[in-house]
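Breakdown of the fold
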Amino acid sequence: MIKKTSNGLKIISYNRKDSFNYFFKELIEAGIVLKGSEIKSVRSGKVNIADSYGVEKDGEIFLVNSHIPQYKQASYSNHNPYSERKLLLSRKEINKLTGRINEDGFSLVPTKMYFKKGIAKIEIALAKGKKLHDKRQTKKTRDWNREKACLLYTSPSPRDSWASRMPSSAWK
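Remember, it's a predicted structure, so these values are computed and weren't measured experimentally.

The subject of this paragraph is the pattern of salt bridges. Under the definition given, this model contains eight salt bridges. With a closest N to O distance of 3.1 Å, Lys86 and Glu60 form a salt bridge. Residue Lys86 is found in strand 6 (residues 85-88), and its partner Glu60 is found in strand 5 (residues 60-64); the two are separated by 26 residues along the sequence. For the salt bridge of Asp143 with Arg146, the shortest nitrogen-to-oxygen distance reads 3.2 Å. Of this pair, Asp143 and Arg146 both sit in helix 4 (residues 132-152), three residues apart, which is roughly one turn of the helix.

This part takes up the environment of Ile39. Within the fold, Ile39 resides in helix 2 (residues 36-43). Given a relative accessible area of 23%, Ile39 falls into the partly exposed group. A sequence separation of 80 residues divides Ile39 from Ile119, and the C-alpha atoms of the two residues are 9.6 Å apart. In contact with Ile39, other than residues within four places in its own chain, are Leu34, Phe115 and Ala120.

On to the side chain of Lys130, then. As for its placement among the helices and strands, Lys130 is situated in the loop between strand 8 (119-129) and helix 4. The charged side chain of Lys130 is buried without a salt bridge, its nearest counter-charge being Asp134 at 7.3 Å. Side chain to side chain, Lys130 and Thr138 meet in a polar contact 3.1 Å long.

Another point: the nonpolar core. Formed by 22 residues in total, the largest nonpolar core has its most connected members in Val42, Val47, Leu87, Leu89, Leu97 and Ile124. Secondary-structure elements contributing two or more residues to this core are strand 3 (22-32), strand 5, helix 3 (91-104), strand 7 (107-116) and strand 8. Of the residues forming this core, the biggest block, four residues, is contributed by strand 8. Apart from residues no more than four positions distant in its own chain, Ile124 is found in contact with Glu26, Leu27, Ile28, Leu87, Leu89, Leu97, Leu108, Val109, Pro110 and Thr111.

What counts and what doesn't
- Residues numbered from 1 in each chain as written.
- Predicted model: local features only at pLDDT ≥ 70, side-chain atom pairs only at ≥ 80, totals over all residues.
- Heavy atoms only, no water.
- Salt bridge = Lys/Arg side-chain N within 4 Å of Asp/Glu carboxyl O.
- Helix = DSSP H or I, 4+ residues; strand = E, 2+ residues; numbered from the N terminus.
- Buried < 20%, exposed > 50% of the residue type's maximum accessible area, 1.4 Å probe, protein only.
- Contact = heavy atoms within 4.5 Å.
- Lys, Arg positive; Asp, Glu negative; His and termini not counted.
- Polar contact = N/O pair within 3.5 Å; in protein donor to acceptor, adjacent residues only side chain to side chain.
- Core = buried A, V, L, I, M, F, W, Y, C linked by side-chain atoms within 4.5 Å.

Below, the structure is given as structure tokens:
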């Protein structure tokens, strides 16, 4: 499922569930290190980042638990679908993110994966988990906005056609 956007991005995978479960403090674009069979599988659009998250190991950020299925045409050089993938960030960004994760209780969650000028990128969010009452409030406002849109847009009934608005004397 690759979807093109107006600004030239080809979105491969979008994580809608995390916008319901987390408050996003900051969005960061990062490159991702992929093997040959992984990028072939990504180009076919079969990526799942729904349950993945970012962790810091030895001064680097890794994406854990993302699923990129094996490429069928790759024979012996195929990859592990659930392997950890290194994210390409600058040293300044890595230091800032690790400080926020360790001190403030934030998490790194991927929001979407896309191609930008032919290069695979991933957008990660510095996020804090929502409480149950926050989730209820989000759902309530979403339902209200949907109901409000339905009330504002009402389709005209057949009785409101141009013929019903004409006086009866015009038909004679």
